[in-house]
Amino acid sequence: MSEWTADRIPDQHGRVAVVTGANSGLGLVTATELAHRGAHVVLAVRDTTAGTKAARQIGGDTEVRELDLASLDSVHAFAAKLTTDHPVIDVLVNNAGAVLLGPRRTTTDGFELHLGTNMLGPFALTGLLLDNLSAAREPRVVGLSSITHKNAHLDFDDLMFERDYRAPAAYGRSKLATTVFGIELDRRLRAAGSPIVSALAHPGLTRTNLTPRAWEHRGRFGRLIASSGLLLTQPVEQGALPQLRAATQPGVRGGQFFGPASLWETRGRVTEVRPSAEAADPAVGSRLWAAAEELTGVRPLRPADSSPA
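Residues numbered from 1 in each chain as written. Predicted model: local features only at pLDDT ≥ 70, side-chain atom pairs only at ≥ 80, totals over all residues. Heavy atoms only, no water.

### Brief notes about the pattern of salt bridges
Which entries qualify depends on this criterion: Just to be clear on terms, a salt bridge is a Lys or Arg side-chain nitrogen sitting within 4 Å of an Asp or Glu carboxyl oxygen. Relative accessible area decides the class of each residue, using a 1.4 Å probe on protein chains only: under 20% of the type maximum gives buried, over 50% gives exposed, and in between gives partly exposed.
For the structure on display, the rule yields 13 salt bridges. Measuring nitrogen to oxygen at the nearest pair gives 2.6 Å for the salt bridge that ties Glu33 to Arg37. Each of the two residues, Glu33 as well as Arg37, counts as buried. A salt bridge links Asp155 to Arg163; its shortest N-O distance comes to 3.4 Å. Residue classification places Arg163 among the partly exposed residues on the basis of a relative accessible area of 47%.

### Some thoughts on empty space enclosed by the protein
Basically, it comes down to this: Whether a set of points on the 1 Å grid over the protein atoms alone is a cavity depends on a 1.4 Å probe fitting there but being unable to get out, while an open set qualifies as a pocket with protein on both sides within 12 Å along at least five of seven lines; lining residues are those with an atom within 4 Å of a point. Grid points are joined across faces, edges and corners, and a volume is the space filled by probe spheres set on the points. Secondary structure elements are defined from DSSP: runs of H or I of at least 4 residues count as helices, runs of E of at least 2 residues count as strands, and each element is numbered from the N terminus. The classification used treats Ala, Val, Leu, Ile, Met, Phe, Trp, Tyr, Cys and Pro as nonpolar, Asp, Glu, Lys and Arg as charged, and all other residues, Gly among them, as polar.
Using the criterion set out here, one finds three cavities of 30 Å³ or more in the structure. One number sums up the size of the largest cavity: a volume of about 110 Å³. Around the largest cavity sit 17 residues that line it, and Asn94, Gly143, Leu144, Thr178 and Phe181 are the ones nearest its centre. Broken down by secondary-structure element, the contributors of at least two residues to the lining of the largest cavity are α4 (113-134), β5 (140-144), α5 (167-191) and β6 (197-201). The biggest single contributor to the lining of the largest cavity is α5, with five residues. The residue makeup of the lining of the largest cavity, split by class, is nine nonpolar, seven polar and one charged.

### Considerations on the packing of α5 against helix α10 (residues 282-296)
Our working rule: With axes taken as lines fitted to C-alpha atoms, and helix axes fitted only over the stretch in contact, angles between N-to-C directions fall between 0 and 180 degrees. Throughout, the term roughly parallel applies to angles under 35 degrees, roughly antiparallel to angles over 145, roughly perpendicular to angles from 65 to 115, and oblique to all others. Note on contacts: a residue pair qualifies if any of its non-hydrogen atoms lie within 4.5 Å across the two residues.
Two numbers describe how α5 lies on α10: the axes approach to 9 Å, and their chain directions differ by 95°. One element, α5, and the other, α10, form an angle in the roughly perpendicular class. Across the interface between the two elements, Ala177, Val180, Phe181, Glu184, Leu185, Arg187 and Arg188 of α5 pack against Pro282, Val284, Gly285, Ser286, Leu288 and Trp289 of α10. Residue composition of the contact of α5 with α10, by class: eight nonpolar, two polar and three charged.

### Points about the pairing of strand β1 (residues 16-20)
The condition that has to hold: Orienting the strands away from the viewer, one traces the path from the first strand over the helix to the second; a clockwise path indicates a right-handed crossover.
Taken across its five residues, β1 has five buried, putting it largely inside the fold. Alternating residues of β1 divide into Val16, Val18 and Thr20 and Ala17 and Val19, and every residue in both groups is buried. Of the crossover connections in this fold, the one passing from β1 over helix α1 (residues 25-36) to the parallel strand β2 (residues 40-45) is right-handed.

### So, the confidence of the model for the protein
To be explicit about the condition: Confidence scores here are pLDDT values: one per residue, from the predictor, ranging 0 to 100.
This prediction gives the protein a mean pLDDT of 91; 89% of its residues lie at or above 70. Counting interchain partners and residues more than four positions distant, the pLDDT-below-50 stretch residues 209-228 has 20 contacts. Under a pLDDT of 50 for its full length, residues 305-309 has, in the predicted model, five contacts with residues more than four places off or in other chains.

### Here's the deal with α10
Our working rule: Helix span is expected to be 1.5 Å times the residue number reduced by one.
Counted at 1.5 Å a residue, the expected span for α10 with its 15 residues is 21 Å, and the 21 Å between its end C-alpha atoms agrees. Of the positions making up α10, those classed as buried are Val284, Gly285, Leu288, Trp289, Ala291, Ala292, Glu293 and Thr296. Looking at the buried side of α10, the elements it contacts are α3 (72-85), α4 and α5. Backbone geometry just after α10 places Gly297 at a positive phi near 80°.

### Quick word on the side chain of Thr20
Residue placement: Thr20 occurs in strand β1. For Thr20, a relative accessible area of 1% translates into the label buried. Excluding its chain neighbours within four sequence positions, the residues that come into contact with Thr20 are Ala44, Leu67, Leu69, Val93, Asn94, Asn95, Ala96 and Leu125.

### Considering the sheet that holds strand β3 (residues 62-66)
Selection rule: A pair of strands is considered paired only if DSSP assigns at least 2 bridges between the two.
Overall, mixed pairing links the eight strands, which are arranged β3-β2-β1-β4-β5-β6-β7-β8 in an open sheet. Two strands lie at the open edges of the sheet, namely β3 and β8 (267-272), each paired on one side alone. Taken over all neighbouring pairs, the strand axes of this sheet differ in orientation by 20° on average, direction set aside. Relative to β8, strand β7 (residues 257-262) runs antiparallel, the two being bridged by four bridges. Its bridge partner being in β8, Ser262 is matched across the sheet by Arg267. Relative to the sheet, α1 contacts β1, β2, β3, β4 (91-94) and β5, its axis offset from that of β1 by approximately 170°. α4 rests against β1, β4 and β5 of the sheet, and its axis sits at about 175° to β4.

Shown next as structure tokens:
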């Protein structure tokens, strides 16, 4: 197959796409490409002022809605209004994420910030939108993973990383959890006979606004590290291609995972990649799903005869 580029995105007229974190970086590129091909794009953003500015930049058929994935109250409020206003949702791109080095931080619900923002918030959001996604003709959910997931390990005895906290490891764990969730979601959707496709993507090493923000706690030295690191990254337009392919390419199968093809998946053309063994382990998927249900109170895809715990 020839190289996949944004020019290969099919017409999106008549489709509703929700992109979290759509005001900058990978999310902005993703929202822009979808809108320019005719989709009605919901920019789900924490900062609506920045979202409104992004919407003006994008043009096309867009709307801006407030969503803070680090707050379950915000997730529920966003989902309640969105599902009323849009009975049919075609694409959900769980793009938004946090990468913050420095001391351990928590969400408003007390979750470790990386896990709460990168996995538990999207888990709750996806669960609350499943009925509306099921009503679409070819619905997709796309999870944003990272190559850091391949060196991470989930400690179910310390999911919130309260012992010996290290921010880079916490970020890697959260992205492993995101990957596990995307694969387990696919298993459960297929078992339920759902039309929804759950796919995954990762951007390799890509130039986004998260790179300098991750080092902001180190002051001038941190800014120097961030600037140096940017020299090793690929443009954000290239980094967004894996998630755009996962969201739009006809025939994508549940569980497919897209990322860069070159230099240990850090850059280059888009190809299908493999998750880590832990990410693909059904036992890990089942255990993380149960933990996420308990932590968020959202229980998607439960059997009809199953009652909440």
